[in-house]
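Next come the chains, spelled out residue by residue.
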Amino acid sequence: MAWMIVSDTSCEIRELSPLSPGVQFALVPFKIRVGEREYVDLPTLNTQQMIQAMTDYNGGSSTACPSPEEWAAYFLQADDSIALTISHNLSGSYNAAMAARQMVLEEHPEKRIFVLDTLSCSGALAGAARLANKLIGEGKDFDTICAELTQWSESSHILFALASFENLAKAGRVNRVVGFIAGRLNMRVLGCRTVDGKIDFFFKTRGENRVLAKILEQMDEDGYNGSREVLISQCSNEAGAEMLKHGIHAKWPNAPVEIVPCSGLCSFYAQDQGIILTY
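The structure contained in this document is the topic of the report that follows. (Residues numbered from 1 in each chain as written. Predicted model: local features only at pLDDT ≥ 70, side-chain atom pairs only at ≥ 80, totals over all residues. Heavy atoms only, no water.)

### Topic: the overall build of the chain
A count of helical and extended segments in the chain gives 10 helices and 13 strands. Relative to the globule expectation of 19 Å for 279 residues, the C-alpha radius of gyration of the chain, 19 Å, shows essentially globular dimensions. Dimensions of the chain along its principal axes, counting C-alpha atoms only, are 55 × 50 × 30 Å. Residue burial in the chain is summarised as follows: out of 279 residues, 52% are buried. Of all intrachain contacts in the chain linking residues separated by at least 6 positions in sequence, the fraction that spans at least 24 positions is 72%. For the chain, the exposed surface amounts to about 12,600 Å²; the carbon and sulfur share of it is 50%. Positive and negative side-chain charges in the chain, numbering 24 and 33 respectively, have mean positions lying 7 Å apart. (Helix = DSSP H or I, 4+ residues; strand = E, 2+ residues; numbered from the N terminus. Rg over C-alpha atoms; globule rule 2.2 N^0.38 Å. Buried < 20%, exposed > 50% of the residue type's maximum accessible area, 1.4 Å probe, protein only. Contact = heavy atoms within 4.5 Å. Areas by Shrake-Rupley, 256 points an atom, 1.4 Å probe, with all protein chains shown as cover. Lys, Arg positive; Asp, Glu negative; His and termini not counted. Charge placed at Lys NZ, Arg CZ, Asp CG, Glu CD.)

### Thoughts on the sheet that holds strand E4 (residues 37–40)
Reading across from one edge, E4-E3-E5 is the order of the 3 strands in this open sheet, with antiparallel pairing throughout. In this open sheet, the two strands that pair with only one neighbour each are E4 and strand E5 (61–64). Across the sheet, the mean angle from the axis of one strand to that of its neighbour is 20°, orientation sign disregarded. Note: strand E3 (residues 31–34) against E4, 4 bridges, orientation antiparallel. By the bridge assignment, Val34 is partnered in E4 with Arg37. Seen against the sheet, helix H1 (residues 47–56) touches E3, E4 and E5 and runs at an angle of roughly 150° to E4. (Pairing = 2+ DSSP bridges. Axes fitted to C-alpha atoms, helices over the stretch in contact; angles between N-to-C directions.)

Structure (structure tokens):
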């Protein structure tokens, strides 16, 4: 039996290794438009170049989610497909994947396709992809895998530690006035996901050290005990990510922590010095 695990590129990992027998992993890319130039969010994307282009460009930038046809092309390649998307309240990717599912099942009713709205982004999709691969390797059946992925997604936490807010404000993801003021005052702001998959900013400070300390506090409040994988995505902020990793290990010495660069889509919203933490 052939399996396909396919994610949109709000996912921060670019490969699954080692893949369980019979499993393929694929990414359907977001597109980021800066003026007349379009950047396709694939592993070959130079995100630093894209960020610099956004900084240099005086006009607006925008993103476009994968099309139903892009999702469908991968659903057609397997008997069973697991699709992972960014929150439906942050993008149209989930709706596109669901439209693709319907299209494919109308022609191939024997296929099984599960679309998981993670109500999140970044490490939430990476963790779900790794879990799906593990469960398939253990021989779990399709319905059990879907149920476990849903449960895992609902129990995950994500924090956004941001220094720049221009693109989030322009896209309507945060209040424009709040974003403008925070940017001008050089504030660091910490946000979390809401139950319906939106971003709620709940803490602000002027120093990165303070926001990193608040992250550790929040992890503790959320009941983190050091057993679950932590993924730190950073946008031009390796030093901050390493400081955070050190702080996590000081509090939970055996916690599995991985640092990765932000994908193109997450770099667009996290912007320079941004950190996204999933646990």
